[in-house]
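So you can see what is in the structure, the chains are spelled out below.
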Protein chains: 2
Amino acid sequence: MFEQVQAAAARLQGIAHRTPVITSRTLDDQCGAEVLLKCENFQRVGAFKFRGAFNVISQLSDAEKARGVITYSSGNHAQAVALACRMSGARAVVVMPDDAPAIKRAATEGYGAQVISYDPDHQDRREIAERLAAEHGYTIVPPYDHPGIVAGQGTAALELCQDAGPLDALLVPCGGGGLLSGSAIAAKGMSPACRVIGIEPELADDATRSFRTKTLHTVHHPPTIADGTRTPSLGVVTFPLVLQYVDDMQTVSEAAIIEAVRFLFFRAKLVVEPSGALGVAALISGAVKINGRVGVILSGGNIDAATMIQILQG
Amino acid sequence: MFEQVQAAAARLQGIAHRTPVITSRTLDDQCGAEVLLKCENFQRVGAFKFRGAFNVISQLSDAEKARGVITYSSGNHAQAVALACRMSGARAVVVMPDDAPAIKRAATEGYGAQVISYDPDHQDRREIAERLAAEHGYTIVPPYDHPGIVAGQGTAALELCQDAGPLDALLVPCGGGGLLSGSAIAAKGMSPACRVIGIEPELADDATRSFRTKTLHTVHHPPTIADGTRTPSLGVVTFPLVLQYVDDMQTVSEAAIIEAVRFLFFRAKLVVEPSGALGVAALISGAVKINGRVGVILSGGNIDAATMIQILQG
C-alpha cells in the first residue's frame, strides 16, 4: 500500500498544493511536545479531500471521463470531485441532500459539476448514485471507501514526514477512515516507529469502538460540531486498514473541539474547521499525551460564518 | 540602509519565525496577478513588530538592559518589546492607556513587562515615557520612528524576496511607516525594479497626503477598523525614507478592508487583523491593479473576538 501512496504523490506533484508545516511555541509549551501542524486547510478546495479525488479521477480512461463521474457528499468531497473532474476533463455529477447549504451547492456547481438533489429523510444517497451510475455508465468515486482515495489522502502525511523529519507520533482526524488509514500507511512507510493515533469526537466514536472491539460499530447522525466525522462507520476498505496500520484511537469532547478551533484561531492564526482541529483538541485537552515530536493533520478549513461566530462567542 | 536590514536579518536568524509565503489561486484569478502573501500573522506575538523590537533591544549593552527599556503602545509593539526584552535579558516597562483591553495588558505582563497606566484624555504617552526614561535611565524603544526598528521590520520583505524571487510590486500596510520604509529599503535592495506601494485606510490617509504633497500631514484618532494604522502621522525618521524609497501610496475603504479580512478567512483560511489585510483590500477592490508577481505583507493576525464576529456578520 505504501507504494500506492508514493504513486499518488507523483500524480499530485504540481497539482495539489504542497501545504506548509507550521509550528506554535504556545502549543508546544501547553502540551509539552514539539508539534508540527500539517496545514491541509490550505489545500485546494480547503481540505485534504482534493488529494484522493484527483488521485482516482486522473487515472480514469478517456472513455470513463467522457461518461462521467458520480459521487455523494454535501461536504468537502463534493467540491474536491468537482474540481478534480474539471482538471481531468471528466464530467461530474454530485448527489447532494436537498437541505444542503446553498453556498456548498453553488461552490460545487461553480466547479462545473451537475448537482442532483435528494430527500435525505426518504432516500439513500448511495442507492441513488448506484442507480444513476448503472443507467449512465458513471464511475462512482466514493468519499473514503476506495483504495485510490486512501492512497491519495495518505500523501499529506507523506509530505509531513518528508518535510518535518522523523515523528514520534501522528494524530489524524477520523471520519470514514480514508485520511486515517492513508496517513497511517504513509507514516509507517516513512518511519515505522511513528505511533499513529486516530482522533474522533466522543459523540461519533464508532471507529474507536470498532478499533477496540475489532467489530464494525455504527453511529448514525451524531450531533457533533465536527461535521466531517458524521459518517456512520468505517468502510469495508478502511476498517481492515485501520486495524492493520493504526496504533490507537482516542476521543475528544465537543468542548475540547471548540477550544481547539479557538486556540488555532487566536494563537496560531489558522482557520480550521472543527473536524480539522481534532488532533489539536486531543493534545490541549490531555486526551493524548506525547513527549517528543508530534505531527498533527489539520484536515480542512471550511467553516461557515454561523459556526465560527458560535465558537468565537464560546 | 539595505546593509542595516541585512544585519538585522542576521540577528533575527533562528529567533524570529521565517514566516511562510502562501498563495491562493482564487485571489490570483480575482485580481489577475500572481499574489504572494508573506504571513507575518504567524510571526512571534502575532505580528511583524517582533522583528524591529528584537533588532533594537538585542543590540543594547548589558548596562542598558539592566537599567531597562521603555515603550508606549497598547498594541502589537507592546507585546513585541516585552518578549524581546525577556529574550534579551532586559527589563521592560510599557506605558499603556488605562482603557486598553485587559487581554492586551495581561499578555504584555505575561511576557514579564511592567505596565504603567495613563489617562489618554489628559496625558501624553510619549511625554510620560520620556520623563520616566530620564528619571530611571531607561532606553526608549519607540513603535516605529527609529532606524533600528525600520531595519528590523524590513527583514520580512527581505525574506519574501529571497523566498519568492523577483517581484513586480510589493504592497505594504502603512501606519507610522516603520514597516513600509523598511520593506521598501529591503525590496529595492533585492530587486530595484520592484514597485513598492504603501496602503492606508481612506479614514487614516495622513501618509498618502504627506507622500503626495511632500509635507507632513496628521490625522488624529481616525475611526478606522484598522487599529494598527491609527498613528497620527509618519515620523521624522520614516517620512524621509518613505519619500525616498516608496513608489506610490493608495487608500482603501473600510468596506474593502472588511471584505479583505473575510476573503482571507473564508478563501485563504488565514486569520489576519484589519491592518494586516490592507494590501489584499487594495487588490480585490481594484484600488491597485498590477499585472505580474505581487508580494503582499500580511502584517499581523491579532484580532479580538468581537471585531471578528462583526466582520463575519458583515
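Every chain is numbered independently, its residues counted from 1 as its sequence is written. Following the order in which they are written, the chains are lettered starting with A and the ligands numbered starting with 1. Side-chain atom pairs in this predicted model are given and counted only at pLDDT of 80 or more, local residue features only at pLDDT of at least 70, and totals for whole chains, interfaces and linings cover all residues. With hydrogens and water excluded, all non-hydrogen atoms of the structure serve as input to the side-chain values.

### Observations concerning the overall build of chain A
Scanning chain A for helices and strands turns up 14 helices and 10 strands. Buried residues in chain A amount to 61% of all 314 residues. Note on areas: Shrake-Rupley, 1.4 Å probe, and residue coverage restricted to the protein chains presented here. Of the roughly 11600 Å² that chain A leaves accessible, carbon and sulfur atoms contribute 48%. This count recognises Lys and Arg as positive and Asp and Glu as negative, with His and chain-terminal groups excluded. Every charge is mapped onto a representative atom, which is NZ of Lys, CZ of Arg, CG of Asp or CD of Glu. On chain A, the mean spot of the 27 positive side-chain charges and the mean spot of the 31 negative ones are 5 Å from each other. Secondary structure is summarised from DSSP: a helix means a run of H or I of at least four residues, a strand means a run of E of at least two, and numbering begins at the N terminus for each. Relative accessible area decides the class of each residue, using a 1.4 Å probe on protein chains only: under 20% of the type maximum gives buried, over 50% gives exposed, and in between gives partly exposed.

### Considerations on the relation of the copies chain B and chain A
All copies are superposed by least squares; the fitting set is the C-alpha atoms of residues with a pLDDT of at least 70 in both. The two copies are related by a screw motion: chain B maps onto chain A through a turn of 180° and a shift of 0.0 Å along the axis, at an RMSD of 0.0 Å. When the rotation and shift are considered jointly, the pair of chain copies conforms to a two-fold rotation axis. Contacts: residue pairs with any heavy atoms within 4.5 Å of one another. Take the interface residues of chain B: 100% of them recur as interface residues in chain A, which is what a same-surface contact looks like.

### Observations regarding the nonpolar core
Soluble globular proteins: nonpolar side chains tend toward being buried together. To define a nonpolar core, start from buried Ala, Val, Leu, Ile, Met, Phe, Trp, Tyr and Cys residues and group those joined through side-chain atoms within 4.5 Å. Ranked by size, the top nonpolar core spans 88 residues in total, and within it Leu270(A) and Leu270(B) carry the most contacts. Setting aside chain neighbours within four positions, we find Leu270(A) in contact with Ile22(A), Leu37(A), Cys39(A), Asn41(A), Phe42(A), Leu264(A), Phe265(A), Leu298(A), Phe42(B), Lys269(B) and Val271(B).

### Re the sheet that holds strand E7 (residues 169-173) of chain B
Residues and elements named next belong to chain B. A pair of strands is considered paired only if DSSP assigns at least 2 bridges between the two. Within the open sheet, the 6 strands sit side by side as E1-E2-E10-E7-E8-E9. Their pairing is mixed. Lying at the two open borders of the sheet, with one neighbouring strand each, are strand E1 (21-22) and strand E9 (248-252). Inspection of the sheet shows E7 paired to strand E10 (residues 293-298) by 3 bridges, in the parallel sense. By the bridge assignment for E10, Ala169 is matched with Val294.

### Comments concerning helix H7 (residues 125-136) of chain B
Residue and element names in this part refer to chain B. Taking 1.5 Å of rise per residue, 12 residues should cover 16 Å, and H7 covers 16 Å from first to last C-alpha, within 8% of that figure. Those residues of H7 lying buried are Ile128, Ala129, Leu132 and Ala133. For H7, the arc enclosing every buried residue in end-on projection is 130°, short of the 170-degree limit, so these residues lie on one face. For H7, the exposed residues set more than 90 degrees away from the buried face come down to Glu127, Ala134 and Glu135. Where the residues of H7 are buried, they touch strand E3 (69-72), strand E4 (92-97), strand E5 (114-118) and strand E6 (139-140). At the C-terminal side of H7, Gly137 shows a positive phi close to 75°. Expected span of a helix, by definition, is 1.5 Å for each gap between consecutive residues, and there is one gap fewer than residues. This arc is taken over the directions from the axis of the helix to the C-beta atoms.

### Topic: the domain arrangement of chain A
Residue and element names in this part refer to chain A. Where each domain starts and ends comes from a domain assignment, either automatic or drawn from a database. As assigned here, chain A comprises domain 1 (2-46 + 146-312) and domain 2 (50-140). A straight line from the C-alpha centre of domain 1 to that of domain 2 covers 24 Å. Contacts between the two partners involve 24 residues from domain 1, matched on the other side by 17 residues from domain 2. By definition, the buried area sums, over both parts, the 1.4 Å-probe accessible area that each loses when the two are put together. Interface area for domain 1 against domain 2, summed over the two sides, is near 1600 Å², with a carbon-plus-sulfur share of 58%. Salt bridges are counted wherever a side-chain nitrogen of Lys or Arg sits within 4 Å of a carboxyl oxygen of Asp or Glu. Put simply, domain 1 and domain 2 have 2 salt bridges between them. The salt bridge involving Arg51 is made with Glu40; its shortest N-O contact spans 2.7 Å. The biggest single contributor to the side of domain 1 that touches domain 2 is helix H8 (residues 147-164), with 8 residues. Residue polarity is assigned by list, with Asp, Glu, Lys and Arg as charged and Ala, Val, Leu, Ile, Met, Phe, Trp, Tyr, Cys and Pro as nonpolar; anything else, Gly included, falls into the polar class. Each residue belonging to the side of domain 1 that touches domain 2 can be placed in one class, and the counts come to 8 nonpolar, 9 polar and 7 charged.

### Some points on the pairing of strand E7 (residues 169-173) of chain A
Residue and element names in this part refer to chain A. Of all 5 residues in E7, 5 are buried; the element is thus mostly enclosed. Sheet topology places E7 next to strand E8 (residues 195-201); 5 bridges connect them, and they run parallel. Bridging from a neighbouring strand, Leu170 pairs with Val196 of E8.

### Thoughts on the side chain of Ser275(B)
Residue and element names in this part refer to chain B. By the secondary structure assignment, Ser275 is in the loop between helix H12 (254-266) and helix H13 (278-284). For Ser275, a relative accessible area of 5% puts it in the buried group. A distance of 2.7 Å separates a polar side-chain atom of Ser275 from the backbone nitrogen of Gly228. Setting aside its immediate chain neighbours within four residues, Ser275 contacts Pro173, Ala226, Asp227, Gly228, Thr229 and Ser299. Polar contacts, as used here, are pairs of N or O atoms within 3.5 Å; protein pairs need one atom able to donate a hydrogen and one able to accept it. Residues neighboring in sequence count only if both atoms are side-chain atoms.

### Comments concerning the packing of aromatic side chains
All names here are of chain A. For this analysis, a ring pair means two rings from Phe, Tyr or Trp (six-membered ring only for Trp) whose centres lie within 6.5 Å, classed as stacked if their planes differ by under 30 degrees, edge-to-face if by over 60, and tilted for the remaining angles. For the coordinates displayed, the defined rule picks out 5 aromatic pairs over all chains. Between Phe50 and Phe54, the aromatic rings sit 5.8 Å apart at their centres with planes inclined by 35°, giving tilted as the arrangement. Here Phe54 and Phe50 lie together in helix H3 (residues 49-57), a separation of 4 residues that amounts to about one turn. For Phe50, a relative accessible area of 0% translates into the label buried.

### Observations regarding the sheet that holds strand E3 (residues 69-72) of chain A
To summarise the sheet geometry, strands pair through backbone hydrogen bonds and adopt either a parallel or an antiparallel arrangement. All names here are of chain A. Here we have 4 strands laid out as an open sheet, ordered E5-E4-E3-E6, and parallel in their pairing. Whereas interior strands pair on both sides, the edge strands pair on one side only; in this sheet they are strand E5 (114-118) and strand E6 (139-140). In this structure, strand E4 (residues 92-97) lies alongside E5, joined through 5 bridges in parallel fashion. By the bridge assignment for E5, Val94 is matched with Val115.

### Remarks on the environment of Cys194(A)
Residue and element names in this part refer to chain A. Along the polypeptide, Cys194 turns up in the loop between helix H9 (178-190) and E8. Given the relative accessible area of 0%, Cys194 is considered buried. Once residues lying within four places of it in the same chain are set aside, the contact partners of Cys194 are Leu167, Asp168, Ala169, Leu170, Ala187, Lys188 and Asp247.

### Re the pattern of salt bridges
Per the stated rule, a full pass over the model turns up 24 salt bridges over all chains. Across the salt bridge formed by Arg51(A) and Glu159(A), the nearest N and O atoms sit 3.0 Å from each other. Taken together, the residues span a long stretch of sequence, with Arg51(A) in helix H3 and Glu159(A) in helix H8 at a distance of 108 residues. Like Glu159(A), Arg51(A) is buried. A salt bridge links Glu109(B) to Arg105(B), with the nearest nitrogen and oxygen atoms 3.4 Å apart. You can see Glu109(B) and its partner Arg105(B) sitting in helix H6 (residues 102-110), 4 residues apart, about one turn around the helix. Take Arg105(B): its relative accessible area is 31%, and that puts it in the partly exposed class.

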